[in-house]
Amino acid sequence: MAGRAPIATKSSALIAMIADEDTITGFLLAGVGNVDLRRKTNYLIVDSKTTVKAIEDAFKDFTTKEDVAIVLISQYVANMIRFLVDSYNKPIPAILEIPSKDHPYDPSHDSVLSRVKYLFSAESVASDRR
C-alpha cells in the first residue's frame, strides 16, 4: 500500500516485558529473558517501589530498540502510563496488555482492543455506504 513504511524482517527478535515479579518469572522460565553486552535486560519488574518515571523510561527504551518485536505490559502497569501506551502507534514493536495474578484483565482499558473495535466499526460504516 502506498504511504506505508515497510516492516523490517529479521531472523530473530526479542519480547520485552514490563510486569510484576510473578509474571516476569513465568516468562523467564519459558526462555524469554535476555541480557545484552551492556548487561541490560529485556524486562522491568514493577513493584511498589518502582517509580512511574522508571516505567516510562523502560517503555520508551523497549519501543525504540530495533531488536524488540513485542512489548508485553501488565494492564495495571499500562494504566500508570496510559498516555504513552495510547499515543504509541507503530506496528513494531507491538504492545500487548496482559493480565496479572493480582489484577484482573479489563477489556475497556485495552488500547489494542479499542483500536480494533474502532477499525471494525469504521469498516461497517464504510460497507453500509456501498
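Residues numbered from 1 in each chain as written. Predicted model: local features only at pLDDT ≥ 70, side-chain atom pairs only at ≥ 80, totals over all residues. Heavy atoms only, no water.

1. Section: the overall build of the protein
The secondary structure content of the protein amounts to five helices and four strands. Considering the protein as a whole, with its 130 residues, one finds that 31% of them fall into the buried category. Across the protein, the fraction of contacts at a sequence separation of at least 24, relative to all contacts at a separation of at least 6, is 65%. Approximately 8900 Å² of the protein is accessible, and the part contributed by carbon and sulfur atoms is 58%. (Helix = DSSP H or I, 4+ residues; strand = E, 2+ residues; numbered from the N terminus. Buried < 20%, exposed > 50% of the residue type's maximum accessible area, 1.4 Å probe, protein only. Contact = heavy atoms within 4.5 Å. Areas by Shrake-Rupley, 256 points an atom, 1.4 Å probe, with all protein chains shown as cover.)

2. Structural notes on the sheet that holds strand E1 (residues 14–19)
Here four strands make up an open sheet; going across it, the order is E2-E1-E3-E4 and the pairing parallel. Of all the strands in the sheet, the pair left with one neighbour each is strand E2 (43–45) and strand E4 (94–98). If you compare each strand with its neighbour and ignore which way they point, the axes differ by 20° on average. In the packing of helix H1 (residues 21–29) onto the sheet, contacts are made with E1, E2, strand E3 (68–74) and E4, and the angle to E1 comes to roughly 160°. Where helix H2 (residues 52–64) meets the sheet, its contacts fall on E1, E2, E3 and E4, and the angle it forms with E1 comes to roughly 170°. (Pairing = 2+ DSSP bridges. Axes fitted to C-alpha atoms, helices over the stretch in contact; angles between N-to-C directions.)

3. Quick notes on the environment of Ile98
Of note, Ile98 is situated in strand E4. Sequence spacing of Ile98 and Tyr76 is 22 residues, and the spatial spacing of their C-alpha atoms is 8.9 Å. If we skip the residues at most four places from it in the chain, Ile98 touches Thr23, Phe27, Leu72, Ile73, Ser74 and Gln75.

4. Digging into the nonpolar core
Formed by 20 residues in total, the largest nonpolar core has its most connected members in Ile18 and Phe59. Of all the secondary-structure elements, those providing two or more residues to this core are E1, H2, E3, helix H3 (75–80) and helix H4 (82–87). Residue contributions to this core peak at four residues, all from H2. Formed by six residues, the second largest nonpolar core is a distinct cluster that contains Ala19, Ile24, Leu72 and Ile98. (Core = buried A, V, L, I, M, F, W, Y, C linked by side-chain atoms within 4.5 Å.)

5. What about the environment of Pro91?
Residue placement: Pro91 occurs in the loop between H4 and E4. Its relative accessible area of 59% is what places Pro91 among the exposed residues. The sequence separation of Pro91 and Ala69 amounts to 22 residues, and the corresponding C-alpha distance is 9.1 Å.

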